[in-house]
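# Analysis of the macromolecular model
Single-letter residue listing:
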Amino acid sequence: MTMLEIAGETLAQVGSLPGRGWRRLARLRGESDERLVLMLPLAVAVGIASGLSAVALRSGVHEVFHWLAGVRSGALGIALPAGGMVLGVLVVRKLFREAPGHGVPQVIRAVCRDGGRMPRRSILSRWVGSMLTVSAGGSAGLEAPIVFSAGALGSAIGGLAKVDERRRSVLLACGVAGGIAGIFNAPITGLVFAMEVVLAEWSALSIVPVVLAAVSATELSRNLLGNAGAFSHSSFEMSTTDLLWCVGLGIVSGFVSAALARTLRFFERVSEKLPAREIVAPAVLGLGVGVAGLVMPQAVGEGYETAQAAISGNLAAGVWLCAALALAKIVTTGLTLGSGAPGGVFAPCLVVGSVVGVCFSRAAQAVLPAGHPLAHEGSYALAGMSGLVAGVMHAPLTGILLVVEVTGGYQLILNLMLVAVISLVVARQFDRHSIYTEALAERGELLRPGTDRRILSDLRVHETLDQFVDPVRETMTLADFVEVVKKSKRNHFPVLRADGVTFAGILHLGDVRELLFDPELARLTLIGTVMDANVARVPADADLSDALEIFERTGAWVLPVVDGERFAGLLSKSTLFDHYRRELSVQAPG
Amino acid sequence: MELSEAARLLHVSEATLQRWVRQGLMPASGDADDPFRVDELRRWADERGLPFGESSARTPQRAERMLSSAVGRGAVLRGVTAANASEVVEHLVRAVPDLEADERALVLERVLDRERLASTALGHGVALPHPRAPVAGLLADPVVVVAHLRRPVDWAALDGVPVHTALLLLSPSAPVHLQLLSRVSHALKQPGVDAWLAAGTTQAEFVERVRAIEEASGK
């Protein structure tokens, strides 16, 4: 049976998803597992779809890149990256009307804030855009675009199957895992990246479908492209001395990671300042890439040939030339991605990491006395790759396992682990958040499932309103108010204007208690005169963290909630706590 | 910085602070007598969005001799001739010191507005005209202007007694207005005050007698 037939059959199964067979099977397994079982065919469908998308993107770029080889070596070669980047940006910004950048933050945001929903156009936008950018020589990877496209695929399939938001987020993560797994022939990397970076939630409900998607996508990729790792290498042996040298490589990788992240950010800011940035930024920065490519051809394009050369020990350059190549690759990556062209940092991380590893190994060998050979420099190249992925993405597991998988080797695991974590520690000294999460964190949108901040921002103020309040009018006298107090158990009374809907202020029983017992004064005092008209108001669409901030700032126990000028209800600290606890039990059971 | 001081600045109990240190949630030196540095603590609190520093929550301050001072800042008018409550209010507002012309017009409008809603007559021949809502921004402290009328006027009082003395109450805010009302109520309930007001007073007499009342009651 061919892969396509398998795919067709699986999709047909998904079509008959609500069928009795599944339900009965599910019931046998107990009610709580029913929905998990229903997720499995969907996960396989998402895995196959995302795997296909990844394979098509990889092969497409490969073909076009080689097809353009003639142009690249010709007179127009210098302008080729600019052309591809302008087209890529125009496709994403104008044709599909999406935000610039590599797209991973939008995928994380979809999980954090939008219940796993991504627009359907996202399935194609960066897929097409990155094909144009990377095949024309832009220094970027295809992994972020495939994460974006395949995530949107998963989300779309979840939407068709009408699953709830949590499951839709899991299916989105299935797409991410399938995309990464398919493009790298690396199922564990796909799984780990989806869990570590996108979902940030480790539970059976999420792991099981994501594993299935990664398996389906990888098997499909192997059937279509063959079962070769992205990189090949001979067997490496590393000694304890090499392991100790890896501490140094980890530190260097951390600094280089921070430099790469900073360079990217620098060019992002530059292109934000340019006029008509959709065209001018990729044209100008793309020309920079073209010039850099003229001087150093290895610094343009996806660059896996360069990484392969580094691993094989064929990087024909001395220590200083290697350092210059790493630097050039960092700059071309910054230029490409900073311009808003669609593409990711995955591939640049691997290329820069491999070159940095070789460079480090050669420098170390140079200072060592003769007769103390280090391991093959290719092994340092692999360790450097782990270090850069971990340091730039703040994703150590992804960094370690990606290299293990794409090289098909387990021998270097200790070195990879060491370099990845040290690089992460060093990189974190410079930036608390990765390039994926910093923009979200700045806007307060990095809200991981089950965390306190997520719960506070999921709960909207209007959900927690105390509806059973006794509003009074501002023209009521305190003498009449006594009658209201007699029938009420409350201490805070919202005061409305004469129209009966507009909020005027709040009356604290404690403030007027003394006057209430003085009938003569109570008769001549209006509520509007003695209410607190300057009380802080909570907008009805605020979330609980906003509300808590207002409580904190004002020291109040009860605050009015307003919808524009209309009174919507009262919010008290104590009911807020009750709602928070209930939400916590629902979102983070156990 | 000592533990107790740090706990106060972070607005938590010392027990909470000790637990945070024990759980490794906050930076602390091993020195038990001086575990925290203020700049470190402030940065730690800022990073987590925790309030840090002296409490900004307002503490209600009990102003000493509030009513007597308010009359001292205002005026006492004697032998005022007026045909009705509105005319009395006009006399009173005109006597408020240190107001610009437009501010005076605004106060007059607010006080008359309040009278139109319901009478401010207290009973026993006393009325307490005041603006419908506190006049924010005009006054830093409450001001009271007293008018003794040559001939009592009808003020639609519940007990039907015509008003011989009117006290215009102006406060900068609702809480101050509440305190002022409570002082007025307390002062007017003292034995002999009704007759004393009916006979008429000067500003000096008024301030002195009310101050004596306020001091006697500890207010």
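From N to C terminus, chain B includes 9 helices and 5 strands. Sequence-ordered secondary structure for chain B, helices as α and strands as β, is α-α-α-α-β-α-α-β-β-β-β-α-α-α. Taking 219 residues into account, the globule formula puts the C-alpha radius of gyration at 17 Å, and chain B, at 26 Å, lies well above it. If one aligns the C-alpha atoms of chain B with their principal axes, the spans along those axes are about 80 × 40 × 30 Å. A buried classification covers 43% of the 219 residues belonging to chain B. Considering only residue pairs separated by 6 or more positions, chain B has 66% of its internal contacts joining residues 24 or more positions apart. Taken as two groups, the 25 positive and 29 negative side-chain charges of chain B have centres that lie 5 Å from each other.

Once that is clear, we can look at the overall build of chain A. A tally of regular secondary structure across chain A gives 27 helices and 6 strands. C-alpha extents for chain A along the principal axes are approximately 105 × 55 × 50 Å. Counting across all 590 residues of chain A, residues that qualify as buried make up 56%.

In this complex, chain B contributes 24 residues to the contact, which on the side of chain A involves 19 residues. Of all residues in chain B, the largest losses of buried area upon contact with chain A belong to B:L122, B:R132 and B:L178, amounting jointly to 29% of the total for that side. Inspection of the chain B/chain A interface yields 2 salt bridges. With a closest N to O distance of 2.5 Å, B:K189 and A:D518 form a salt bridge. In this structure, the connection of chain B to chain A is made through 6 residue pairs in polar contact (both at pLDDT 80 or more). Contributing elements (two or more residues each) for the side of chain B that touches chain A: α6 (101-117), β2 (121-123) and α7 (174-188) of chain B.

Turning to the packing of helix α6 (residues 104-113) of chain A against helix α9 (residues 165-184) of chain A, a few remarks are in order. All names here are of chain A. Orientation of α6 relative to α9, taken along the N-to-C sense of each, is 160°, at an axis distance of 9 Å. Considered as vectors, α6 and α9 are oriented roughly antiparallel to each other. Where α6 crosses over α9, the handedness of that crossing is left-handed. The segment α6 lies against α9, with V107, A110 and V111 engaging S169, L172 and V176. Among the residues forming the contact of α6 with α9, the class breakdown is 5 nonpolar, 1 polar and no charged.

When the parts of a complex come together, some accessible area is lost, and that lost area is often taken as the interface size. By domain assignment, chain B separates into domain 1 (3-47) and domain 2 (66-216). Domain 1 of chain B and domain 2 of chain B are separated by 53 Å when their C-alpha centres are compared.

Turning next to the sheet that holds strand β4 (residues 143-153) of chain B. Within a beta sheet, neighbouring strands are joined by backbone hydrogen bonds and run either parallel or antiparallel to one another. All names here are of chain B. Spatially, the 5 strands line up as an open sheet ordered β1-β4-β5-β3-β2, and their pairing is mixed. In this open sheet, the two edge strands, each paired with only one partner strand, are β1 (75-80) and β2. Strands in contact with helix α4 (residues 66-73) are β1 and β4; relative to β4, the strand with the most contacts, it is inclined by about 75°. Strands in contact with helix α5 (residues 85-94) are β1, β4 and β5 (163-170); relative to β4, the strand with the most contacts, it is inclined by about 140°.

For the rest of this paragraph, the subject is the nonpolar core. Generally speaking, a soluble globular protein has its nonpolar side chains buried in company with each other. Within the largest apolar cluster, 114 residues are counted, with the highest numbers of intra-cluster contacts made by A:F184, A:F193, A:V345, A:F346, A:M393 and A:Y436. The leading source of residues in this core is helix α16 (residues 346-367) of chain A, at 12 residues. Both of domain 1 (3-225) and domain 2 (240-442) of chain A provide at least three residues apiece to this core. Not counting residues within four places of it along the chain, the set of residues in contact with A:Y436 comprises A:H102, A:V104, A:P105, A:I108, A:F193, A:V197, A:V345, A:F346 and A:M393. Formed by 44 residues, the second largest nonpolar core is a distinct cluster that contains A:I527, A:M531, B:V76 and B:V144.

Quick look at the domain arrangement of chain A now. Residues and elements named next belong to chain A. Split into domains, chain A comes out as domain 1 (3-225), domain 2 (240-442) and domain 3 (455-587). Taking the mean C-alpha position of each, domain 1 and domain 2 sit 24 Å from one another. Domain 1 puts 45 residues into the contact, and the matching count from domain 2 is 46 residues. Contact between domain 1 and domain 2 buries roughly 3,700 Å² in total, counting both sides, with carbon and sulfur atoms accounting for 70%. The interface formed by domain 1 and domain 2 holds 0 salt bridges in total. Here domain 1 and domain 2 share 8 residue pairs in polar contact (both at pLDDT 80 or more) between them. Those elements that place two or more of their residues in the side of domain 1 that touches domain 2 are α3 (31-67), α5 (80-95), α6, α7 (122-135), α8 (143-160), α9 and α10 (187-199). It is α5 that provides the largest number of residues to the side of domain 1 that touches domain 2, a total of 10 residues.

Take a nonpolar patch on the surface next. Residues and elements named next belong to chain A. Taken together, V247, I251, F255 and F430 make up a surface patch of nonpolar side chains, about 320 Å² in accessible area. If one sorts the elements of the nonpolar patch by residue count, helix α12 (residues 240-273) sits on top with 3 residues. Here V247 shows up in helix α12.

Residue and element names in this part refer to chain A. Of all 6 residues making up strand β3 (residues 503-508), 5 are buried, and the element is well covered by its neighbours. Two strands pair when backbone bridges link them, and strand β2 (residues 492-496) and β3 are joined in this way by 5 bridges, in the antiparallel orientation. Its bridge partner being in β3, P494 is matched across the sheet by I506. Linking β2 to β3, which pair antiparallel, is a turn of 6 residues; within it G500 sits at a positive phi near 85°.

Summarising the element assignment, A:F517 is placed in the loop between α23 (509-516) and α24 (519-524). Here the alpha-carbon distance between A:F517 and A:L478, two residues 39 residues apart in the chain, equals 9.8 Å.

Note: most residues except glycine have negative phi, and most peptide bonds are trans. In this structure, A:H394 takes a positive phi of about 55° despite not being glycine. By secondary structure assignment, the location of A:H394 is in the loop between α17 (377-393) and α18 (396-407).

What follows concerns the packing of α5(B) against α6(B). Residues and elements named next belong to chain B. Direction vectors running N to C along α5 and α6 enclose 150°, while the axes themselves pass 10 Å from each other. Overall, the two elements α5 and α6 adopt an arrangement that is roughly antiparallel. When you trace α5 past α6, the crossing you get is right-handed. In contact with S86, V89, E90, V93 and R94 of α5, α6 contributes R104, V107, L108, V111, L112 and E115. Across the contact of α5 with α6, the residue classes break down as 6 nonpolar, 1 polar and 4 charged.

Attention now moves to the pattern of salt bridges. Residue and element names in this part refer to chain B. Applying the stated rule across the entire model yields 18 salt bridges over all chains. Linking D113 and R132 is a salt bridge whose minimum nitrogen-to-oxygen distance equals 3.7 Å. With D113 in helix α6 and R132 in the loop between β3 (126-127) and β4, this residue pair connects regions lying 19 residues apart in the sequence. Note that R183 is salt-bridged to E214, the shortest N-O span being 3.4 Å. Here E214 lies in helix α9 (residues 203-216) and R183 lies in helix α7, a separation of 31 residues in the sequence. Assigned by exposure class, R183 and E214 land together as buried.

What counts, and where the lines are drawn
- Residues numbered from 1 in each chain as written.
- Chains lettered and ligands numbered in written order.
- Predicted model: local features only at pLDDT ≥ 70, side-chain atom pairs only at ≥ 80, totals over all residues.
- Heavy atoms only, no water.
- Helix = DSSP H or I, 4+ residues; strand = E, 2+ residues; numbered from the N terminus.
- Rg over C-alpha atoms; globule rule 2.2 N^0.38 Å.
- Buried < 20%, exposed > 50% of the residue type's maximum accessible area, 1.4 Å probe, protein only.
- Contact = heavy atoms within 4.5 Å.
- Lys, Arg positive; Asp, Glu negative; His and termini not counted.
- Charge placed at Lys NZ, Arg CZ, Asp CG, Glu CD.
- Buried area = accessible area lost by both parts, 1.4 Å probe.
- Salt bridge = Lys/Arg side-chain N within 4 Å of Asp/Glu carboxyl O.
- Polar contact = N/O pair within 3.5 Å; in protein donor to acceptor, adjacent residues only side chain to side chain.
- Axes fitted to C-alpha atoms, helices over the stretch in contact; angles between N-to-C directions.
- Parallel < 35°, antiparallel > 145°, perpendicular 65-115°, else oblique.
- Left-handed = near helix turned anticlockwise from the far one by under 90°.
- Nonpolar A, V, L, I, M, F, W, Y, C, P; charged D, E, K, R; others polar.
- Domains from an automatic or database assignment.
- Pairing = 2+ DSSP bridges.
- Core = buried A, V, L, I, M, F, W, Y, C linked by side-chain atoms within 4.5 Å.
- Patch = residues over 30% accessible without salt bridge, like charges linked within 9 Å, V, L, I, M, F, W, Y side chains within 5 Å.
- Areas by Shrake-Rupley, 256 points an atom, 1.4 Å probe, with all protein chains shown as cover.

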